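Chain by chain, the residues:
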Amino acid sequence: MQALSIWPLKFGLLVGSRLEFELDCSCFVVSSKTRKRHCFVEQACFGSVSSLILVSSDRKFEGLAINPASKVLFLCEPKRRLLGSSVGVGWATEQRELGEEVSREDSSSVSALDFDHSESQAVSGGKETKSRVNVRELAYSLRAAKTADDVDVVLKEMGELPLQVYCAMIRGFGKDKRLKPAMAVVDWLKRKKSESGGLIGPNLFIYNSLLGAMKESSGFGEVEKIMSDMEEEGIVPNIVTYNTLMLIYMEEGEYHKALGILDLVKEKGFEPSPVTYSTALLVYRRMEDGMGALEFFVELREKYAKREIGNDADYDWEFEFVKLENFIGRICYQVMRRWLVEDENLTTKVLKLLNAMDNAGLKPSREEHERLIWACTREEHYIVGKELYKRIRERFPEISLSVCNHLIWLMGKAKKWWAALEIYEDLLDEGPEPNNLSYELVVSHFNILLSAASRRGIWRWGVRLLQKMEDKGLKPQSRHWNAVLVACSKASETAAAIQIFKGMVENGEKPTVISYGALLSALEKGKLYDEAFRVWKHMIKVGIEPNLYAYTIMASVLTGQKKFNLLDTLLKEMAAKGVEPSVVTYNAIISSCARNELSGVAYEWFHRMRGENVEPNEITYEMLIEALANDAKPRLAYELHLKAQNEGLRLSSKPYDAVVRSAESYGATIDLNLLGPRQDKEKRA
């Protein structure tokens, strides 16, 4: 007995004890269980050389006995892949096709072919000759071939070549997207078969290689013709043929037809291999049918548990199912990710698939959870992000800080600010420690909440938000204090505004012109004019330059104090500093006059604003009409109402009611028809 040393991923054709040729490839496999080494014998034609013995082992080759009657010994060491096992396909280049999940071997490409017919004795017609074939160069010379005649021009002087050479070239042409030369080679082999009387010609492995080339080059138009040719030649497809057909139908988008191959395989008496099942799962992936893929796997697992499948000793099914389980997990993850990037809102489907995976006992990794969270970018995705975050916290000891920051941002985008704050609290309590981005994101959410409180005058909410920030170690900045000050001012909460202003100073924040303006407004609404005047003087003293809003508030304060000489001085100061009084400024003066029952003064300022080319608006007329009506001047109020209407202004029902009430009280004669209909529950634009 002779001991042979065989390298993995190599195969060789030996004549006697001499190496005839060698080709690196990982796709000529005949699988066996790792616990049992055995041989698989198949007859094939190599011109005048026959009696081909195929040997495969998943472990290693030890001492092998060579039958002296056998002229050829073919040895193969398969390489296990991530998905699927080694598949018995004979000596041809039957590489497993798993689409996206199976890496392609560069050695199958024309650009990577390196098939050396070594300098050893070649058997041809009983004569021994020395020759060397460079398959890369040979394939390159055939790259432009379109017909069998083109191939014959190149190969007619080459003599007999092992069929592995043609398989390798056909596969390589497919990798390089050159289907025409691959078809031409097969047509040429058909011609040679008739010329040699059947000694050399295309066999099952040649056709499988051609189908693989069609799949690689996306040239699906000739698939049915190839299958018909095989039937005419009496060549029976094997499991590799059907696996390749499944992939071809999948690439064509004929998903249901691809899945139908499973039934065809059983009908033909074949037992589906792990690659067959992996390919079927891949079809579900292309369909983006995560639930269908999961149900297929669960059914498959149940059949395996009942020993209805997995009885083929050529495969380590226990090991294969581990890989299938990993594969279905990846498929579900990829499908959910695709659902999340679709324009359509598919969050419900994502949540259902997550629950179905739990029921099936599949546990995605933390990394897969986090990558799904990164795919959550739209407002409606917040519920998926929240669920995934909960799962990570419950099932894994750690979570990425960047993922937490992304979730804080997502919750804010979905207006789920309290949920964002909960995530930040988890960072403080459970880790990882928040960074500057975490801080800025949460603070930005507080900005939104405080701005809302400011706009709506919800001052108590604003105060609670400030307290919440301090409790979580977030130092409120001036804009946060200002937002609460404005809310207090709008709510006329003078005492609260004073406390917030003091708290702002005590916390080391320097008040801005907005801070002073909000405080002045709160004091003015509380008629604390003296305090407001002191705040104004302090603001000027510390170098804060008043803006239009601050000037407007101070004009209202001086009006309330009836210090009209100081009011004139203030307006002159505004003009000197280039701050022009606006309609809001005059409205504040007229409104303050109205509150202090100074309708005559208000009417004078009305004419003054028109003299300054400042056009009154609805608020101006409404405040002045109400002031005149309440001051026993119904006729003047009536005339102003008509004037506003003539100017195209739509007044609310309040001045209308004030005019009617005043006319009735003081016996004035007015024409209600001229006033028009009362604006019941209508809002001004």
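Residues numbered from 1 in each chain as written. Predicted model: local features only at pLDDT ≥ 70, side-chain atom pairs only at ≥ 80, totals over all residues. Heavy atoms only, no water.

J.: Is there a simple way to think about the overall build of the protein in this case?
T.: Looking only at helices and strands, one finds 30 helices and ten strands in the protein. The burial tally for the protein puts 53% of its 685 residues in the buried class. Within the protein, contacts between residues at least 6 apart in sequence are counted, and of these 66% link residues at least 24 apart. (Helix = DSSP H or I, 4+ residues; strand = E, 2+ residues; numbered from the N terminus. Buried < 20%, exposed > 50% of the residue type's maximum accessible area, 1.4 Å probe, protein only. Contact = heavy atoms within 4.5 Å.)

J.: Which parts of the structure should I look at to understand the UniProt feature "repeat: PPR" (unreviewed entry) in the protein?
T.: Look at the UniProt record and you will see "repeat: PPR" (unreviewed entry) annotated at residues 203-237, 238-272, 442-476, 477-511, 512-546 and 582-616. Taken end to end, residues 203-237 has its terminal C-alpha atoms 10 Å apart, with 71% of it in helix and 0% in strand. (UniProt positions renumbered as here; feature names shortened; annotations may be inferred.)

J.: Just checking my understanding: could you explain helix 25 (residues 583-595) for this structure?
T.: Three or four residues apart is the spacing at which side chains of an α-helix point the same way, because the helix has 3.6 residues per turn. With 13 residues, helix 25 ought to run about 18 Å at 1.5 Å a step, and its terminal C-alpha atoms sit 18 Å apart, in line with that. Considered for burial, the residues of helix 25 that qualify are Val583, Thr585, Tyr586, Asn587, Ala588, Ile589, Ile590, Ser591, Ser592 and Cys593. On the buried face of helix 25, the contacting elements are helix 23 (548-560), helix 24 (564-576), helix 26 (599-611) and helix 27 (618-630). Of the residues flanking the end of helix 25, it is glutamate 597, one or two places downstream, whose phi is positive at about 60°. (Expected span 1.5 Å × (residues − 1).)

J.: What is the right way to look at helix 13 (residues 366-375) in this model?
T.: Among the ten residues that make up helix 13, seven are buried, leaving the element largely enclosed by the rest of the structure. Where helix 13 is concerned, the buried positions are Arg366, Glu368, His369, Glu370, Leu372, Ile373 and Ala375. Elements in contact with the buried residues of helix 13: helix 11 (317-341), helix 14 (382-395) and helix 15 (401-413).

J.: Explain unusual backbone geometry to me, please; I cannot follow it from the model alone.
T.: A cis amide bond links glycine 431 to the next residue, proline 432, at an omega of -10°. The topology assignment puts proline 432 in the loop between helix 16 (417-430) and helix 17 (436-456). The residue asparagine 613 is not glycine, and still its phi comes out positive at about 60°. Summarising the element assignment, asparagine 613 is placed in the loop between helix 26 and helix 27. The backbone of alanine 632 shows a phi angle near 65°, a positive value even though the residue is not glycine. Position of alanine 632 relative to the elements: it lies in the loop between helix 27 and helix 28 (634-646).

J.: Looking at this structure, I do not really get the environment of arginine 456. What am I missing?
T.: On the secondary structure map, arginine 456 appears in helix 17. What makes arginine 456 exposed here is its relative accessible area of 61%. The spatial distance from the C-alpha of arginine 456 to the C-alpha of alanine 487 is 7.0 Å, given a sequence separation of 31 residues.

J.: Just to check I follow, could you spell out the side chain of arginine 285 for this structure?
T.: Relative to the helices and strands, arginine 285 is located in helix 9 (residues 274-287). Apart from the residues within four sequence positions on either side, arginine 285 is in contact with Ile331, Gln334, Val335 and Arg338.

J.: Before we go on, may I ask you to explain the pattern of salt bridges in this structure?
T.: Charged atoms that come close allow side chains of opposite charge to pair. Inspection of every chain in the model, using the stated rule, returns 29 salt bridges. The partner of arginine 391 in a salt bridge is glutamate 387, and the shortest N-O contact between them spans 2.9 Å. Placement of the pair is arginine 391 and glutamate 387 together in helix 14, with a separation of four residues, close to one helical turn. The class for arginine 391 is buried, based on a relative accessible area of 4%. We note a salt bridge from glutamate 531 to arginine 534, for which the minimum N-O separation is 3.9 Å. Placement of the pair is glutamate 531 and arginine 534 together in helix 22 (residues 529-541), with a separation of three residues, close to one helical turn. The class of arginine 534 is exposed, set by a relative accessible area of 52%. What emerges from the salt-bridge pattern is a single network uniting Asp187, Lys190, Lys225 and Asp229. (Salt bridge = Lys/Arg side-chain N within 4 Å of Asp/Glu carboxyl O.)

J.: Even after reading the chapter, I still don't get the confidence of the model for the protein, so can you show me in this structure?
T.: Regions with low pLDDT carry predicted coordinates that are not meant to be interpreted in detail. Mean pLDDT for the protein: 78, with 80% of residues reaching 70 or above. Every residue in residues 1-130 scores below 50 in pLDDT, and together they form 369 contacts with partners more than four places removed in sequence or on other chains. (pLDDT = per-residue confidence, 0-100.)

J.: Explanation requested: the packing of helix 27 against helix 28 in the structure shown.
T.: For any two helices packed against each other, one specifies the inter-axial angle together with the distance between the axes. The interhelical angle for the contact between helix 27 and helix 28, taken along N-to-C directions, is 160°, at an axis separation of 8 Å. As the angle between them shows, helix 27 and helix 28 are arranged roughly antiparallel. Along this stretch, helix 27 crosses helix 28, giving a crossing that reads as left-handed. Here helix 27 contributes Tyr621, Leu624, Ile625, Leu628 and Ala629 to the contact with helix 28, which in turn contributes Pro634, Leu636, Ala637, Leu640, His641, Lys643 and Ala644. Here the contact of helix 27 with helix 28 is built from residues that sort into ten nonpolar, one polar and one charged. (Axes fitted to C-alpha atoms, helices over the stretch in contact; angles between N-to-C directions. Parallel < 35°, antiparallel > 145°, perpendicular 65-115°, else oblique. Left-handed = near helix turned anticlockwise from the far one by under 90°. Nonpolar A, V, L, I, M, F, W, Y, C, P; charged D, E, K, R; others polar.)

J.: Sorry if this is basic, but what is going on with the nonpolar core here?
T.: Looking at soluble globular proteins, one finds that nonpolar side chains tend to be buried together. Of all hydrophobic cores here, the largest spans 191 residues; its most connected members are Tyr166, Met169, Leu210, Leu281, Leu294 and Ile328. The biggest single contributor to this core is helix 11, with twelve residues. Discounting residues that sit within four places of it in the chain, isoleucine 328 has contacts with Leu281, Ala293, Leu294, Phe297 and Leu362. (Core = buried A, V, L, I, M, F, W, Y, C linked by side-chain atoms within 4.5 Å.)

J.: I'm lost on the packing of aromatic side chains in this one. Help?
T.: The description of two aromatic rings rests on the distance between their centres and on the angle between their planes. For the structure shown, the criterion picks out 14 aromatic pairs. With 6.2 Å between their ring centres and 45° between their planes, tyrosine 586 and tryptophan 605 make a pair best called tilted. Of this pair, tyrosine 586 sits in helix 25 while tryptophan 605 is found in helix 26, placing the two residues 19 residues apart along the sequence. Accessibility assignment for this pair places tyrosine 586 and tryptophan 605 in one class, buried. The structure contains a cluster of three or more aromatic residues connected by ring pairs, namely Tyr277, Tyr284, Phe296, Phe297, Tyr304, Tyr315, Trp317 and Phe321. Taking the ring centre of tyrosine 304 as reference, the NZ or CZ of arginine 307 above it sits at 5.0 Å. When the ring centre of phenylalanine 533 is taken as origin, the NZ or CZ atom of lysine 563, which lies over that ring, is 5.3 Å away. (Phe/Tyr/Trp six-rings, centres within 6.5 Å; stacked < 30°, edge-to-face > 60°. Lys NZ or Arg CZ within 6 Å of the ring centre and 35° of its normal.)

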